[in-house]
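Take a look at the letters that make up each chain.
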2 protein chains.
Amino acid sequence: MPPARKQESSATKRGPAYPKAVDRLISLFADLPGIGRRSAERLAFHFLKNEEKAAADLAAALLDVKRTVRHCEVCWNLSDGPRCDICTSDSRDRKTVLIVEQPRDLIALEQTGMYRGLYHVLMGRLSPLDGIGPEELTVADLLKRLDNHSINPGQTPVGEVILGLNPTLEGDGTALYLSDLCRQRGVKVTRLARGLPTGSQLEYANKAVLADAIEGRQGV
Amino acid sequence: MPPARKQESSATKRGPAYPKAVDRLISLFADLPGIGRRSAERLAFHFLKNEEKAAADLAAALLDVKRTVRHCEVCWNLSDGPRCDICTSDSRDRKTVLIVEQPRDLIALEQTGMYRGLYHVLMGRLSPLDGIGPEELTVADLLKRLDNHSINPGQTPVGEVILGLNPTLEGDGTALYLSDLCRQRGVKVTRLARGLPTGSQLEYANKAVLADAIEGRQGV
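Caption draft 1: Structural detail: the layout of surface pockets. Roughly 600 Å³ of volume is contained in the largest pocket. Every residue lining the largest pocket is counted, 28 residues in all, and those nearest its centre are Gln-102, Pro-103 and Met-123 of chain A together with Phe-45 and Lys-49 of chain B. Contributions of two or more residues to the lining of the largest pocket are made by α4 (52-68), β1 (70-71) and α6 (103-112) of chain A together with α3 (37-49) of chain B. Considering only enclosed or pocket space, the second largest pocket measures out at about 420 Å³ in volume. Along its surface, the second largest pocket is lined by 18 residues, and Phe-45 and Lys-49 of chain A together with Gln-102, Pro-103 and Arg-104 of chain B are the ones closest to its centre. Listing elements by their share of the lining of the second largest pocket, those giving two or more residues are α3 (37-49) of chain A together with α6 (103-110) of chain B. If you tally residues by element for the lining of the second largest pocket, the top one is α3 of chain A, at five residues.

Put into structure tokens, the structure is as follows:
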């Protein structure tokens, strides 16, 4: 019989003997993207060690973000109110709408400071294999903006749609689908230049690459 | 004059244009140990994307951990009640007290399943350069346990103290300080065997190394 101390598995089964509330916090942290068990323990002990304010602040911020942040009724960007800062701004070019998959892509493009038009956030991309069709995205709201001037901010007709989807297979498929719909409506369609390396994710591109992509957009 | 798109710094200054609540959540996440700005954004968007329950659960767990978890009045282990599970357990050897720096060290030792005695958590180590002396630690509570049988669980006199401090310069200094105090009281003092590689942190040692250290403890 091997000595008890070699029985790794039985020792593991005995469990970590943390108080229940600590265990629960650790497993919630460990469920988050990119956080393993060790980091989760480290985070839980960070809050145990620090004063109550640190935990209370994060708890409040978590509740706050779900309570106060919604999607813009026009473009689906993240917003404090019914319409986002970009849709309500007088200084944007309201004839141009750049379509992105998710709010983080919009933020990445905004940080280049190169684009002065409006956006439309699709909230995903077409992915037939995952059962994601146009109905799962905000395509209908986009078409309403194109068809009905009074819906687009400033009641301005949309003259150009820029496709800013990820340069991936699914992004390209979505772009193809949308470009047909836009052209049927007589709207000029362009797409971000392929300064973006195919296969990468837009949200991780650096600003210079994103700026190149905005400047070099091409007719399709 | 360089073109605007090369002015990285001014674009950065413009800020990320997130709603305030999102910004706040991102910076709170980014302040946590081991989490950078990118991971913080990813975490914030995880909660934005998922249903409210995910944020509410983590918020509740954070508040819960600060409300329900306290330190054991005897050994300073984490505890749900006034005394921890180890101090209240009848099946532990109450004549032996293993001194560790922090609750995580205690958990690591418990997971070996090799130790059946009690603990005392110092809540740190002596560190004169950082102004941490015996008063900043739980040394006084340890001495009370040694001097007064009625304080130690089961009113059992402590016969042996095992020093389980980190095998570092500060841990060794603390061990030296404590071993003098214990020997003055006629208590046998041992320390964990140097199966622990000097300079490492106890909380990261694997179970086999920790088990060796418990088994091979040496007189000092």
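Caption draft 2: A look at the pattern of salt bridges. Residues and elements named next belong to chain B. In the structure shown here, the tally under the stated rule is 26 salt bridges over all chains. For the salt bridge of Lys-53 with Asp-57, the shortest nitrogen-to-oxygen distance reads 2.6 Å. Here Lys-53 pairs with Asp-57, and both are found in helix α4 (residues 52-68), just four residues apart, close to one helical turn. Among the salt bridges present, the one from Arg-92 reaches Glu-110, with a minimum N-O distance of 2.8 Å. Of this pair, Arg-92 sits in the loop between α5 (85-88) and β3 (93-100) while Glu-110 is found in helix α6, placing the two residues 18 residues apart along the sequence.

Caption draft 3: Examining the domain arrangement of chain A more closely. Taken domain by domain, chain A holds domain 1 (2-68) and domain 2 (91-213). Domain 1 of chain A and domain 2 of chain A are separated by 39 Å when their C-alpha centres are compared.

Caption draft 4: Broad picture of the interface of chain B and chain A. In this complex, chain B contributes 62 residues to the contact, which on the side of chain A involves 62 residues. Of the roughly 5900 Å² buried at the junction of chain B and chain A (both faces included), carbon and sulfur atoms supply 65%. Our count for the chain B to chain A interface comes out at six residue pairs in polar contact (both at pLDDT 80 or more). Taken together, the elements giving at least two residues each to the side of chain B that touches chain A come down to α1 (8-13), α2 (20-30), α3, α4, β2 (78-79), α6 and α9 (207-215) of chain B. Grouping the amino acids of the side of chain B that touches chain A by side-chain chemistry returns 33 nonpolar, ten polar and 19 charged.

What counts as what
Residues numbered from 1 in each chain as written. Chains lettered and ligands numbered in written order. Predicted model: local features only at pLDDT ≥ 70, side-chain atom pairs only at ≥ 80, totals over all residues. Heavy atoms only, no water. 1 Å grid on protein atoms, 1.4 Å probe; cavity = no way out; pocket = protein on both sides within 12 Å on 5 of 7 lines; lining within 4 Å. Points joined across faces, edges and corners; volume = space filled by probe spheres on them. Helix = DSSP H or I, 4+ residues; strand = E, 2+ residues; numbered from the N terminus. Salt bridge = Lys/Arg side-chain N within 4 Å of Asp/Glu carboxyl O. Domains from an automatic or database assignment. Contact = heavy atoms within 4.5 Å. Buried area = accessible area lost by both parts, 1.4 Å probe. Polar contact = N/O pair within 3.5 Å; in protein donor to acceptor, adjacent residues only side chain to side chain. Nonpolar A, V, L, I, M, F, W, Y, C, P; charged D, E, K, R; others polar.

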